[in-house]
Amino acid sequence: MKPKILLPVLIIISTMIGCKKDDPAASITYSKVAITKVTLLGISNGNNGVNWDNALAGNYPDVYFKITQAGTTTSIFDLPTNQRYENIQNSSLPLSWNFNSPYLIITNLSSSIDVDLYDFDSLSTDEYMGTTRFSFATYTTGSSKYPPSATVISGSYIVKLDFIWSN
Ligand SMILES: [Ca+2]
Ligand SMILES: [Ca+2]
């Protein structure tokens, strides 16, 4: 009788081991994410119908960004304004900014960040354009967690962040 019992038991054990091998991603967790690149994919042509700059003279917004804790003015990163892209229209996009290693590190993966876009103006105060919000809790759960990038659409504004996840 013993050999007849042994074979089904072996099949069950090998099936259990097989399940673990087939799904290694389910057990992976990361404690931080590096933002390696910010890509601008869409902007609004104006502020409530008013052009950002003198479009009739061929002037369009001169775009840079600041990253803040979501919903606050607490700065995480301010792009130096001399790294702005000048005279941007949607036909100019995509445009991107790369961070250098070790990149921009986010260690609180339950937090959210805002990417705030601005129009640099040399003769007046820079104009706030719009915000896209990235919630890391969204990217650390579910079947497609820890994506290599995420794209957020907020009205006319579309921003993509590239990620490297690690511990
Ligand atoms: Ca302006
Ligand atoms: Ca401007």
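Residues numbered from 1 in each chain as written. Chains lettered and ligands numbered in written order. Predicted model: local features only at pLDDT ≥ 70, side-chain atom pairs only at ≥ 80, totals over all residues.

> Mind showing me how you'd approach the confidence of the model for the protein here?
In low-pLDDT regions, the fine details of the predicted coordinates are not to be read closely. Looking at the protein as a whole, its pLDDT mean stands at 89, while 84% of the residues score no less than 70. Under a pLDDT of 50 for its full length, residues 6–20 has, in the predicted model, zero contacts with residues more than four places off or in other chains. (pLDDT = per-residue confidence, 0-100. Contact = placed C-beta atoms within 7 Å.)

> I tried to follow the sheet that holds strand β5 (residues 75–78) on my own but got confused; where do I start?
Picture the strands of a sheet paired through backbone hydrogen bonds; they go either parallel or antiparallel. Read across the open sheet, the four strands follow the order β5-β4-β8-β9; overall the sheet is antiparallel. The open sheet has two free edges, formed respectively by β5 and β9 (127–135), since each of these has just one partner strand. Neighbour to neighbour, the strand axes of the sheet diverge by 20° on average, direction disregarded. As paired strands, strand β8 (residues 112–119) and β9 are joined by eight bridges and run antiparallel to one another. (Pairing = 2+ DSSP bridges. Helix = DSSP H or I, 4+ residues; strand = E, 2+ residues; numbered from the N terminus. Axes fitted to C-alpha atoms, helices over the stretch in contact; angles between N-to-C directions.)

> Sorry, what's going on with the environment of Leu104 here?
Looking at where Leu104 falls in the secondary structure, it is placed in strand β7 (residues 104–106). A tally of 17 C-beta atoms within 10 Å means that Leu104 is categorised as partly exposed. The contacts of Leu104, once residues within four sequence positions are left out, are Ala34, Ile35, Phe77 and Phe99. (Buried ≥ 20, exposed ≤ 12 C-beta atoms within 10 Å, placed from the backbone.)

> Just checking my understanding: could you explain the pairing of strand β4 (residues 63–69) for this structure?
Here β4 pairs with β8 via seven bridges, running antiparallel. Bridged to Thr68 within β8 is Asp114. By the bridge criterion, three bridges tie β4 to β5 in an arrangement that is antiparallel. Bridge pairing links Lys66 to Asp78 in β5. Taken together, β4 and the strand that follows it, β5, pair antiparallel across an intervening segment of five residues, in which Gly71 is found at a positive phi of about 75°.

> Just to check I follow, could you spell out the nonpolar core for this structure?
Nonpolar side chains in soluble globular proteins generally cluster together in the buried interior. By size, the foremost hydrophobic cluster in this structure holds 21 residues, and its most contacted members are Ile43, Val63, Phe65, Val115, Leu117 and Leu161. For this core, the secondary structure elements donating two or more residues are β1 (32–42), β4, β8, β9 and β11 (157–166). Excluding anything up to four places from it in sequence, Val63 contacts Leu40, Ile43, Arg84, Tyr85, Ile88, Leu117 and Asp119. (Core = buried A, V, L, I, M, F, W, Y, C linked by C-beta atoms within 7 Å.)

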